Amino acid sequence: MSESLQYEEMNVPPVLASRVRCLWRMLGTTTDASAPEPIIPDGCSEIVLNFEDAFIRHTSAGSHRQPRSLLAGQITRAIRIQPSGRVDIWGIRFQPWAAAPLLGFSGVELRDCLTAIDDVAPSLSVELHAAVDTAATSSRYERIAQVLTRRLARARPVDARLPRLAALVAERHDPLTVRAVARETGLGVRRVQQLFRDDVGLSPKQLHRITRFQRALALGRAHQRLTWSAVASRAGYYDQAHFIHESSEIAGCTPAELLGGDRPHELTEAFLDGERKRR
């Protein structure tokens, strides 16, 4: 797919860590033979800044070029994208609970939303472009971090219990009930549901489903001799059939089709939790 497609993640300054998981960059050159690849949900919203050729998104209704500055809200199913040439992308990956408060929306309004930042947060778009469009590549990290620090200082507050709630949901291997999560944190069921709806943009069960699938894919990549049945069991599925059904629902294909085959899925693999590289 590419002559050299590199992906790396960068830790953010401590002042941002409670709201921003990482900054990331993808750099390289793709060929005319590049094929669309699925990007799997990971439970986080992102802002994507493209400094080279546009990516093409493929949907059941057709295909279109993505905006150069993109907000990707919480997605519940994989999206299929295709590079069209040179690649130089910077991304801001928020903590699961942070994008909606920063942008001033309810999380559910951003669910499965992929749109130009100009359309939903024009002032943030202006700030980001003023900071990075003419900046040297070496200073983009600092410029983006500065913009985020200023914006987060005036963002809507996040309930201090929400990070723990999200961790409980994401790390749970046994079947999830909202009542059990609420009990562990001393909150009512309705309050838990409200926090997830307003700030995360996913229900607790949706976040659990997405993180369990990412966990299974990471296991499959790290332990290629494991059977799919063993992967399913270790990741927290009832059985292999349950795992394959979830793969079809989330990724649109089986785990073997997603991780196997002759053609390397460099885009797909770059955004799997188990494949990420951070400095």
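Structure report, in brief. Just so it is clear, the structure is predicted and the values come from calculations on it, not from any experiment.

## Overview of the environment of R161
Here comes step 1: Within the fold, R161 resides in the loop between α5 (140-152) and α6 (162-171).
Here comes step 2: A sequence separation of 51 residues divides R161 from R212, and the C-alpha atoms of the two residues are 22 Å apart.
Here comes step 3: For R161, the contacting residues outside a window of four places in its chain are L187 and R191.

## Examining helix α7 (residues 178-185)
Here comes step 1: Within α7, burial applies to V178, A180, V181, A182 and T185.
Here comes step 2: Residues of α7 that are buried in the fold lie against α6, α8 (189-200) and α9 (204-222).
Here comes step 3: Two residues or fewer past α7, G186 is found with a positive phi of approximately 75°.

## Some thoughts on the pairing of strand β5 (residues 56-59)
Every regular strand shows the same layout, with side chains that alternate between the two sheet faces.
Here comes step 1: Sheet topology places β5 next to strand β6 (residues 62-65); four bridges connect them, and they run antiparallel. If you follow I56 over to β6, its bridge partner there is R65.
Here comes step 2: A loop of two residues connects β5 with β6, the two strands running antiparallel in sequence.

## Digging into the sheet that holds β5
Here comes step 1: Spatially, four strands are ordered β3-β8-β5-β6 in an open sheet, and the strand pairing comes out antiparallel. On the outer flanks of this sheet lie β3 (37-39) and β6, each paired with one strand and no other. When strand polarity is set aside, the average angle formed by the axes of neighbouring strands in this sheet is 35°.
Here comes step 2: Pairing geometry for β3 and strand β8 (residues 79-82), over three bridges, is antiparallel. Bridging across to β8, E37 finds its partner in I81.

## Some words on the packing of aromatic side chains
Here comes step 1: Overall, the coordinates contain six aromatic pairs when judged by the stated rule.
Here comes step 2: A centroid spacing of 5.1 Å and a plane angle of 80° characterise the contact between W24 and F271, whose relative ring orientation is edge-to-face. Of this pair, W24 sits in strand β2 (residues 20-30) while F271 sits in the segment after α13 (266-270); the two residues are 247 residues apart in sequence, bridging distant segments of the chain.
Here comes step 3: For W24, a relative accessible area of 3% corresponds to the buried category.
Here comes step 4: Judged by relative accessible area, which is 9%, F271 ranks as buried.
Here comes step 5: Here the aromatic rings of F213 and F243 are separated by 6.2 Å at their centres, their planes lie at 55°, and the arrangement is tilted.

Cut-off values and rules
Residues numbered from 1 in each chain as written. Predicted model: local features only at pLDDT ≥ 70, side-chain atom pairs only at ≥ 80, totals over all residues. Heavy atoms only, no water. Helix = DSSP H or I, 4+ residues; strand = E, 2+ residues; numbered from the N terminus. Contact = heavy atoms within 4.5 Å. Buried < 20%, exposed > 50% of the residue type's maximum accessible area, 1.4 Å probe, protein only. Pairing = 2+ DSSP bridges. Axes fitted to C-alpha atoms, helices over the stretch in contact; angles between N-to-C directions. Phe/Tyr/Trp six-rings, centres within 6.5 Å; stacked < 30°, edge-to-face > 60°.

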